[in-house]
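Structural characterization, general
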Amino acid sequence: APLLLILAALKAIGLPAYAVFHLAFSAVFIGGFLAFQAFIREHTNDDRLTAFIVSLGYIFSPILFTNEYNIFLQSVWLIPLFPIWGLYLTRYVRTGELRWPVIGGLCSVVLSYGVSGIPWVLALALPIGLTVFIGWASRLLVIRMVVVKRILAFWLIVGLLQAFWLVPFILQLASATSFAAG
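The shown structure was predicted, so the numbers you read here are calculated from the model rather than taken from an experiment.

Turning to the overall build of the protein chain, a few remarks are in order. Check the secondary structure of the protein chain and you find 10 helices and 0 strands. Within the span of the protein chain, comprising 182 residues, buried residues form 34% of the whole. Long-range pairs, those at least 24 residues apart, make up 69% of the contacts in the protein chain between residues at least 6 apart in sequence. Accessible surface computed for the protein chain: about 11200 Å², of which carbon and sulfur atoms make up 74%.

All right, on to the nonpolar core then. Y58, I59, W77, I79, Y88, L111 and F154 are the most contacted members of the largest nonpolar core, which totals 33 residues. Mapped onto this core, the elements with two or more residues apiece are α1 (2-12), α2 (17-43), α3 (48-59), α5 (78-95) and α9 (145-161). By residue number, the principal contributor to this core is α5, which donates 10 residues.

Before going further, it helps to examine α2. Compared with an ideal rise of 1.5 Å per residue, which puts 27 residues at 39 Å, α2 spans 39 Å between its outermost C-alpha atoms and is within 8% of the ideal. All of the buried residues along α2 are V20, A24, V28, F29, G32, F33, A35, F36, Q37, F39, I40 and E42. Within two residues after α2, N45 carries a phi angle of roughly 55°, on the positive side.

Before going further, it helps to spend a moment on a nonpolar patch on the surface. Side chains of L49, F52, I53, L56, F60 and F65 sit close together on the surface and give an oily, nonpolar patch of about 580 Å² of accessible area. In terms of residue count, the dominant contributor to the nonpolar patch is α3 (4 residues). Mapped onto the elements of the fold, I53 is located in helix α3.

All chains considered together, the criterion is met by 9 aromatic pairs. The interplanar angle of 10° and the centroid separation of 4.2 Å between the aromatic rings of F36 and Y58 together place this pair among those described as stacked. Here Y58 lies in helix α3 and F36 lies in helix α2, a separation of 22 residues in the sequence. Its relative accessible area of 19% is what places Y58 among the buried residues. Between Y88 and W100 the ring centres are 5.7 Å apart and the planes differ by 15°, which places this aromatic pair in the stacked class. A residue pair is termed long-range when its members are at least 10 positions apart, and Y88 in helix α5 and W100 in helix α6 (residues 99-110) qualify at 12 residues. In this structure, Y88 and W100 share a single accessibility class: buried. Taken together, the ring pairs connect F82, W85, F154 and W155 into an aromatic cluster. Geometry around W100 places R91 over its ring, the cationic atom sitting 4.9 Å from the centre.

In this structure, N45 takes a positive phi of about 55° despite not being glycine. Relative to the helices and strands, N45 is located in the loop between α2 and α3. Residue classification places N45 among the exposed residues on the basis of a relative accessible area of 77%. Positive phi, close to 65°, is recorded for D46, a residue that is not glycine. What makes D46 partly exposed here is its relative accessible area of 41%.

Basis of the calculations
Residues numbered from 1 in each chain as written. Predicted model: local features only at pLDDT ≥ 70, side-chain atom pairs only at ≥ 80, totals over all residues. Heavy atoms only, no water. Helix = DSSP H or I, 4+ residues; strand = E, 2+ residues; numbered from the N terminus. Buried < 20%, exposed > 50% of the residue type's maximum accessible area, 1.4 Å probe, protein only. Contact = heavy atoms within 4.5 Å. Areas by Shrake-Rupley, 256 points an atom, 1.4 Å probe, with all protein chains shown as cover. Core = buried A, V, L, I, M, F, W, Y, C linked by side-chain atoms within 4.5 Å. Expected span 1.5 Å × (residues − 1). Patch = residues over 30% accessible without salt bridge, like charges linked within 9 Å, V, L, I, M, F, W, Y side chains within 5 Å. Salt bridge = Lys/Arg side-chain N within 4 Å of Asp/Glu carboxyl O. Phe/Tyr/Trp six-rings, centres within 6.5 Å; stacked < 30°, edge-to-face > 60°. Lys NZ or Arg CZ within 6 Å of the ring centre and 35° of its normal.

Quick look at the structure:
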């Protein structure tokens with residue numbers, strides 16, 4: 001995972017292990033706060049005060065403290081990743097510029113260590129995501145096909161940029177097939 005390579009490189013250049021750990025732990029808070037703030041500002045016409053207050057509520061929410069920060073497993077990296085996805089999905093739907101899903105996909109590659117933790121939090125993320133999408137779509141009154149196509153294109157690009165996780169699985173299947181055939 002690219003994030004782990006970055007942390008290993010920091011340790012390799014002489015940064016003490018405790019400093020690398022504190023940097024990684026802080027990065028979750030800072031990244032989650034900044035990503036959620038940018039996401040909220042995108043939806044509130046750049047209202048900085050509202051974005052600041054709502055982002056504080058996100059980072060210091062009790063469910064994150066009891067489930068994520070307390071244990072600090074790989075799913076903790078989803079805390080900045082979910083608002084990043086929301087931000088770039090929103091920008092792509094609004095503008096149709098291909099750079100937004102590519103940036104969102106590249107962010108998911110960097111934070112890919114957390115992506116493997118999605119099944120742990122999918123029970124929470126799926127209903128929240130669907131609720132937000134339905135609420136947002138109901139504001140449009142009519143869902144235009146352009147919006148649906150852009151949403152599907154965004155997730156397709158993000159998914160394709162995550163496909164490197166499938167390479168070991170495909171290689172294992174290929175070697176099992178050749179072993180069974182030979």
